[in-house]
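Observations on chain architecture
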Amino acid sequence: MKSLGSYRNLYKLESKVAVVAGGAGGIGRAVCEGLAAFGANVAVAGVHLDRVSAVADEINAAGGCAWAIKLDARDVSQMQQAMADVAARAGGLDILVNCVGTHHEAPAEDFDEEDWDRVVDLNLKAAFFLSQATARVQIPRQGGKHIHITSVRSLLGIRRGYIAYCSSKGGMNLMVKQLATEWARYGITVNGIAPTFTRTELVKDYLEDPEFYNPLVARIPLGRICEPEDLAALAIYLAAPASDFITGQIIFADGGVTATQ
């Protein structure tokens, strides 16, 4: 019989170094807090240094270990340098969680090239080059965890102007599978978390509108929307030793939405 402690160790993240890109957003903040709660040393990354610094300060005040780094997901060379800097400062880089993303809504027949490029570049191109920069640090060390936040709209269309968002998130799903396949020989796992509508400050106005909120919840079998803590819990699992045999998977945190469609 294995010791009970050996099972508890499956969720230990002490001494692990994590970068959370988009760490000042509603989802990213919860992920940073969750990883720190289980012992990880968290680099809170984002383009606005004041915002990520505030998150890092709150985690440290609560007894965790975090620091802020500037990360511009639109600049490949800057991302490469940032990941190398984290590894040099912390002695390694074990975990990447990518919470970066954007959206523009317009009918497909009217969608502008500029808006398409901005959404696809930030949601898909940045995701790949962020993983690439991380893997370049991890491959010599033979191990690492990559977690990308995707969406139920990576699998399901919607009767609104989400063409760039859906396309980019669908591409992200296959990117996850391809990177998982290529990098498995290096001990690197790559997975995605696909939430339904998630409660963050950015969508507060939508959620306070009964005409939007009530039909939304009615389509979700569990009868509620996703909370940031739901996603943090999955990120903890995918970052921990408990998930060492899980790679190339898209886990839908959707309250049962994709089970009905």
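Let us look at the structure shown here. Every chain's residues receive numbers from 1 upward, in the order its sequence appears when written. Since the coordinates come from a predicted model, pLDDT governs what is reported: local features require at least 70, and pairs of side-chain atoms require 80 or more to be given and counted, while whole-chain, interface and lining totals use all residues. Side-chain numbers come from the whole structure's heavy atoms, not from hydrogens or water.

Elements are defined by DSSP. Helices are runs of H or I of four residues or more, strands are runs of E of two residues or more, and each kind is numbered from the N terminus. A count of helical and extended segments in the protein gives nine helices and seven strands. Rg of the C-alpha trace for the protein: 18 Å, near the compact-globule value of 18 Å for 261 residues, within the 12% margin. Counting only C-alpha atoms and orienting by the principal axes, one finds that the protein spans roughly 50 × 45 × 40 Å. Buried, partly exposed and exposed residues are distinguished by accessible area as a fraction of the type maximum, computed with a 1.4 Å probe on protein chains only: under 20%, between the cut-offs, and over 50%, respectively. The proportion of buried residues among the 261 residues of the protein is 48%. Contacts are assigned to residue pairs that have any heavy atoms within 4.5 Å of one another. Nonlocal contacts in the protein, meaning residues at least 24 apart in sequence, comprise 71% of its contacts between residues at least 6 apart. We take the radius of gyration over the C-alpha atoms and set the globule estimate at 2.2 Å times the residue count to the 0.38 power.

As a further point, take the environment of Leu-156. Structurally, Leu-156 can be placed in the loop between strand S5 (144-149) and helix H6 (163-183). On a C-alpha basis, the gap between Leu-156 and Val-257 in space is 9.8 Å, while along the polypeptide they are 101 residues apart. Leave out the neighbours within four places in its chain, and Leu-156 touches Cys-166, Val-257, Thr-258 and Gln-261.

Bringing the packing of aromatic side chains into the picture now. We describe a pair of aromatic rings using the distance from one ring centre to the other and the angle between the two ring planes. The aromatic pairing rule takes the rings of Phe, Tyr and Trp, using the six-membered ring of Trp, and pairs them if the centres are within 6.5 Å, calling planes under 30 degrees apart stacked, those over 60 edge-to-face and the rest tilted. Under the counting rule described, the total for this entry stands at four aromatic pairs. Considering the side-chain rings of Tyr-11 and Tyr-237, the 6.5 Å spacing of their centres and the 35° angle between planes classify their relative orientation as tilted. In this pair, Tyr-11 is assigned in the loop between helix H1 (4-8) and strand S1 (17-21) and Tyr-237 in helix H9 (residues 228-239), connecting sequence segments 226 residues apart. What makes Tyr-11 partly exposed here is its relative accessible area of 35%. Since its relative accessible area comes to 24%, Tyr-237 is described here as partly exposed.

In this scheme, patches are assembled from residues that exceed 30% relative accessible area and form no salt bridge. Like charges are connected within 9 Å, while nonpolar side chains (Val, Leu, Ile, Met, Phe, Trp, Tyr) are connected within 5 Å. Here the open area of atoms and residues is found with the Shrake-Rupley method and a 1.4 Å probe, where only the protein chains shown may cover a residue. What counts as a salt bridge is simple: a side-chain nitrogen of Lys or Arg found within 4 Å of a carboxyl oxygen of Asp or Glu. A cluster of nonpolar residues, Met-1, Leu-4, Tyr-7, Leu-10, Tyr-11 and Phe-38, forms a patch on the protein surface that exposes about 690 Å² of accessible area. We classify Phe-38 as partly exposed; its relative accessible area is 36%.

Let us now look at the layout of surface pockets. Each pocket or cavity is described by its volume, and for the second largest pocket that value is around 260 Å³. Here a cavity denotes grid points, spaced 1 Å and computed from the protein atoms alone, that fit a 1.4 Å probe unable to get out, and a pocket denotes an open set having protein on both sides within 12 Å along at least 5 of 7 lines; residues with an atom within 4 Å of a point are the lining. For the second largest pocket, the lining is made up of 18 residues, of which Lys-16, Asp-94, Gly-143, Gly-144 and Lys-145 are closest to its centre. Among the residues forming the lining of the second largest pocket, the class breakdown is five nonpolar, eight polar and five charged. Grid points are joined across faces, edges and corners, and a volume is the space filled by probe spheres set on the points. Classification convention: Asp, Glu, Lys, Arg as charged; Ala, Val, Leu, Ile, Met, Phe, Trp, Tyr, Cys, Pro as nonpolar; all other residues, Gly among them, as polar.

The subject of this paragraph is a negative patch on the surface. Charged residues are defined here as Lys and Arg on the positive side and Asp and Glu on the negative side; His and the ends of the chain fall outside this count. A single reference atom marks each charge: NZ on Lys, CZ on Arg, CG on Asp, CD on Glu. A surface patch of like charges, here negative, comprises Glu-109, Asp-110, Asp-112, Glu-113, Glu-114, Asp-117 and Asp-121. Here Glu-113 shows up in helix H5 (residues 113-138).

Moving on, we get to the pairing of strand S2 (residues 41-46). Put simply, side chains in a regular strand alternate between the two faces of the sheet. Counting buried positions along S2 yields five of six residues, so the element is predominantly enclosed. Here S1 runs beside S2; their pairing, made up of five bridges, is parallel. Within the sheet, the bridge partner assigned to Ala-21 lies in S2 and is Ala-45. Note on handedness: a clockwise path from strand one over the helix to strand two, with the strands aimed away from the viewer, defines a right-handed crossover. As a crossover connection, the stretch from S1 through helix H2 (residues 26-37) into S2 is right-handed. Relative to strand S3 (residues 65-70), S2 runs parallel, the two sharing six bridges. The residue of S3 that forms the bridge with Ala-45 is Ile-69. Of the crossover connections in this fold, the one passing from S2 over helix H3 (residues 49-61) to the parallel S3 is right-handed. Should DSSP find at least two bridges between two strands, the strands are regarded as paired.

Turning our attention to the sheet that holds strand S6 (residues 188-195). Strand pairing in a sheet relies on backbone hydrogen bonds. The paired strands run either parallel or antiparallel. Read from one edge to the other, the open sheet built from seven strands follows the order S3-S2-S1-S4-S5-S6-S7, with strand pairing classed as parallel. The sheet terminates laterally at S3 and strand S7 (250-253), the two strands that pair on one side only. For this sheet, the mean angle separating the axes of adjacent strands, direction not counted, is 20°. Across four bridges, the pairing between S6 and S7 is parallel. For Pro-195, the partnering residue across the bridge sits in S7 and is Ala-253. Axis definition: a line fitted to C-alpha atoms, limited for helices to the stretch in contact. Angles are taken between N-to-C directions and run from 0 to 180 degrees. Strand contacts of H5: S1, strand S4 (95-98), S5 and S6, with the helix running at about 170° to S5, the strand carrying the most contacts. Packed on one face of the sheet, H9 meets S4, S5, S6 and S7 and runs near 165° to S6.

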